[in-house]
Amino acid sequence: MKKWLSSVIVAMFLVVLAACGATDEGSKQTEQTKQSEEQAVTVKDARGEEVTVEQAPKKIVSLMPSNTEIVYELGLEKELIGVTSNDDYPASVKEKEQVGDMNINAEKVIALNPDLVLAHGSSMGMSDEVFKQIESAGIPLFVVNDATDFNTVYETIGNIGKLTNKTDEANKTVKEMKAAVSEIEEKAKEIKDEDRKKVWVEVSPAPEIYTTGKGTFMDEMIKIIGAENVAGNEEGWVKLSEEKVVELNPDTIVTTYDGDANEIKNRPAWSDITAVKENQIVNVDSNKTNRPGPRIVEGLEEFAKAVYPEVYN
C-alpha cells in the first residue's frame, strides 16, 4: 500500500512539474513576443532615409492602394486606420477613413495620429511637402520603392513586414508568390520558338494610344509567360502611332483599361493586323496587372491565360 501511495505521489509531482515547465515556456514565449513588439526597427526607404519605428505600429495610414493590399495581406486590417479614395481592395477598405486621393490631406493624416505612414515612390515629386508636414509632426513615414519588377515587390513586402513586426507573414507571402511565378516560368519553357506570340499591350485607347516598353511590369510579364513584347525596344510607358502598331503586327492585343474589342477592330488602319484578323483581343484586370502588391501574381496568371489559353488554362 505504501509503495503504491509513493508511486502516486511521485506521478503527481511529475505532472505538476511538467505543468510548471509549460507555464514557464508559455511565459517565455509571451515575453519574447512582447519584446519583439517593443523593439525598435530601422529600414531604409525609397528616399534613402533611415526610417525607425520604436515598436510594432498599432495605427497605420496607407497612401497608396498597393501598400494597402500588402497591409491587409499581412493581417493588419485592424491596425489600418486611414487610406486614399483610390483604394478599392478588399471591399472592406471603403469603410476606412479617407485622407485624400493622389493629393493627400496632410492635416487629416496628422489628426489620425498614426504610428506609421506608408507612402509611395511614385508620388515623391508631388507629395514632398505633404511628407515633410507629416514627419514634422513626429510621425514615421516610410516611402516604398516604385516597383517595376517582381523582385522590388518582394522587397517592399519584406520591408513593410519588418516595420510592422510581421516578418514571418511577409516571408510566407513572398515564398508563395515566387512559387506561383516559378510555375508559370516552367510552363513557358514548353512553348516552342515558332509558337511564341508577339504581344501588343494597350494601356490607353485612341487617340492617345500608350503601350508598355522595357522597364515596366507588363514587359516583365510578357517575358515570363514566354511571349515577345512588340514594343520591347521602347522605354517605359510610351505613346505610339497607329501606323507604328500596324508595322509591329502583333499576334495578340491585350488591353488593361477595360477596352472595347470592337473599337479596336473598327480602326481602319488596323484591319490587316494579325490579332485583329484572328480576333485575338483580350482585356485583363488593370489593378492586378499594374498594382505592385500581392495580387500581381494573379495578374500574371490572368495575362498568361489571355495570351496562351491553350498552355495556361
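- Named according to an unreviewed UniProt entry, the chain is ABC transporter substrate-binding protein originating from Priestia flexa.
- Comment text from UniProt for the chain, heading Sequence similarities (unreviewed entry), reads "Belongs to the bacterial solute-binding protein 8 family."

### Concerning the overall build of the chain
Logical step 1: Per the secondary structure count, the chain includes 13 helices and 13 strands.
Logical step 2: Here the chain holds 313 residues, and the buried ones make up 42% of them.
Logical step 3: In the chain, once contacts between residues fewer than 6 apart in sequence are set aside, the share between residues at least 24 apart is 61%.
Logical step 4: Roughly 16300 Å² of accessible area belongs to the chain as shown, and the carbon and sulfur atoms make up 48% of that amount.

### Remarks on the packing of aromatic side chains
Logical step 1: Applying the stated criterion across every chain, the model contains four aromatic pairs.
Logical step 2: Following the ring pairs from residue to residue traces out a cluster consisting of Phe150, Tyr154 and Phe217.
Logical step 3: Its guanidinium or amino end placed over the ring of Tyr89, Arg295 lies 3.7 Å from that ring's centre, counting from NZ or CZ.

### Notes on the nonpolar core
Logical step 1: If you look at the biggest cluster of nonpolar residues, it comprises 51 residues, and the most contacted ones within it are Phe150, Ile225 and Phe303.
Logical step 2: One finds Ile253, Trp270, Val276 and Ile281 within the second-largest nonpolar core, a separate group that totals 15 residues.

### What about the layout of surface pockets?
Logical step 1: Here the largest pocket is characterised by a volume of approximately 420 Å³.
Logical step 2: Looking at the largest pocket, it is lined by 21 residues, and the ones nearest its centre are Met64, Asp146, Asn290, Arg291 and Pro292.
Logical step 3: Contributions of two or more residues to the lining of the largest pocket are made by α2 (65-73), α7 (217-224) and α11 (286-290).
Logical step 4: Top element by residues in the lining of the largest pocket is α11. It accounts for three residues.
Logical step 5: For the lining of the largest pocket, the residue count by class is eight nonpolar, eleven polar and two charged.

### Some thoughts on empty space enclosed by the protein
A probe as big as a water molecule, rolled over the atoms, marks out the empty space that is left.
Logical step 1: Applying the stated criterion across every chain, the model contains three cavities of 30 Å³ or more.
Logical step 2: Approximately 40 Å³ is the volume attributed to the largest cavity.
Logical step 3: What lines the largest cavity is Lys44, Asp45, Ala46, Phe142, Val143, Val144, Asn145, Glu155, Thr156 and Asn159.
Logical step 4: Mapped by element, the contributors of at least two residues to the lining of the largest cavity are β7 (141-144) and α5 (150-163).
Logical step 5: For the lining of the largest cavity, the residue count by class is four nonpolar, three polar and three charged.

### A short note on the confidence of the model for the chain
Caution applies to low-pLDDT regions: their predicted coordinates should not be interpreted in detail.
Logical step 1: Here the chain averages 90 in pLDDT, and 88% of its residues register 70 or above.
Logical step 2: A low-confidence stretch, residues 1-5 (pLDDT under 50), is modelled with zero contacts involving residues beyond four sequence positions or located in other chains.
Logical step 3: Every residue in residues 30-35 scores below 50 in pLDDT, and together they form zero contacts with partners more than four places removed in sequence or on other chains.

### Comments concerning the sheet that holds β7
In a beta sheet, neighbouring strands are held together by backbone hydrogen bonds and run either parallel or antiparallel to one another.
Logical step 1: Spatially, β5-β4-β3-β6-β7 is the arrangement adopted by the five strands of the open sheet, whose pairing is parallel. Two strands in the sheet have a free side with no partner beyond their single neighbour: β5 (97-98) and β7.
Logical step 2: Where strand β3 (residues 60-62) lies against strand β6 (residues 116-120), three bridges are found, and the strand directions are parallel. If you follow Ile60 over to β6, its bridge partner there is Leu116.
Logical step 3: Along the sheet, α2 makes contact with β3, β4 (80-83), β6 and β7, crossing β6 at roughly 135°.
Logical step 4: Together, β6 and β7 form the strand contacts of α5, whose direction differs from that of β7 by roughly 165°.

### Brief notes about the pattern of salt bridges
Logical step 1: In total, this model carries 16 salt bridges according to the counting rule given.
Logical step 2: Notably, a salt bridge pairs Arg291 with Asp88, separated by 2.9 Å at the nearest N-O pair. Taken as a pair, Arg291 in the loop between α11 and α12 (296-307) and Asp88 in the loop between β4 and β5 lie far apart in primary sequence, 203 residues in all.
Logical step 3: One network of salt bridges, with partners in common, ties together Glu69, Asp88, Arg291 and Arg295.

### Considering the side chain of Thr211
Logical step 1: As for its position among the elements, Thr211 is in strand β9 (residues 210-212).
Logical step 2: At 2.4 Å, the side chain of Thr211 and the backbone oxygen of Val201 are in polar contact.
Logical step 3: Apart from the residues within four sequence positions on either side, Thr211 is in contact with Trp200, Val201, Val203, Ala231, Gly236, Trp237, Val238 and Leu240.

Rules used in this analysis
Residues numbered from 1 in each chain as written. Predicted model: local features only at pLDDT ≥ 70, side-chain atom pairs only at ≥ 80, totals over all residues. Heavy atoms only, no water. UniProt positions renumbered as here; feature names shortened; annotations may be inferred. Helix = DSSP H or I, 4+ residues; strand = E, 2+ residues; numbered from the N terminus. Buried < 20%, exposed > 50% of the residue type's maximum accessible area, 1.4 Å probe, protein only. Contact = heavy atoms within 4.5 Å. Areas by Shrake-Rupley, 256 points an atom, 1.4 Å probe, with all protein chains shown as cover. Phe/Tyr/Trp six-rings, centres within 6.5 Å; stacked < 30°, edge-to-face > 60°. Lys NZ or Arg CZ within 6 Å of the ring centre and 35° of its normal. Core = buried A, V, L, I, M, F, W, Y, C linked by side-chain atoms within 4.5 Å. 1 Å grid on protein atoms, 1.4 Å probe; cavity = no way out; pocket = protein on both sides within 12 Å on 5 of 7 lines; lining within 4 Å. Points joined across faces, edges and corners; volume = space filled by probe spheres on them. Nonpolar A, V, L, I, M, F, W, Y, C, P; charged D, E, K, R; others polar. pLDDT = per-residue confidence, 0-100. Pairing = 2+ DSSP bridges. Axes fitted to C-alpha atoms, helices over the stretch in contact; angles between N-to-C directions. Salt bridge = Lys/Arg side-chain N within 4 Å of Asp/Glu carboxyl O. Polar contact = N/O pair within 3.5 Å; in protein donor to acceptor, adjacent residues only side chain to side chain.

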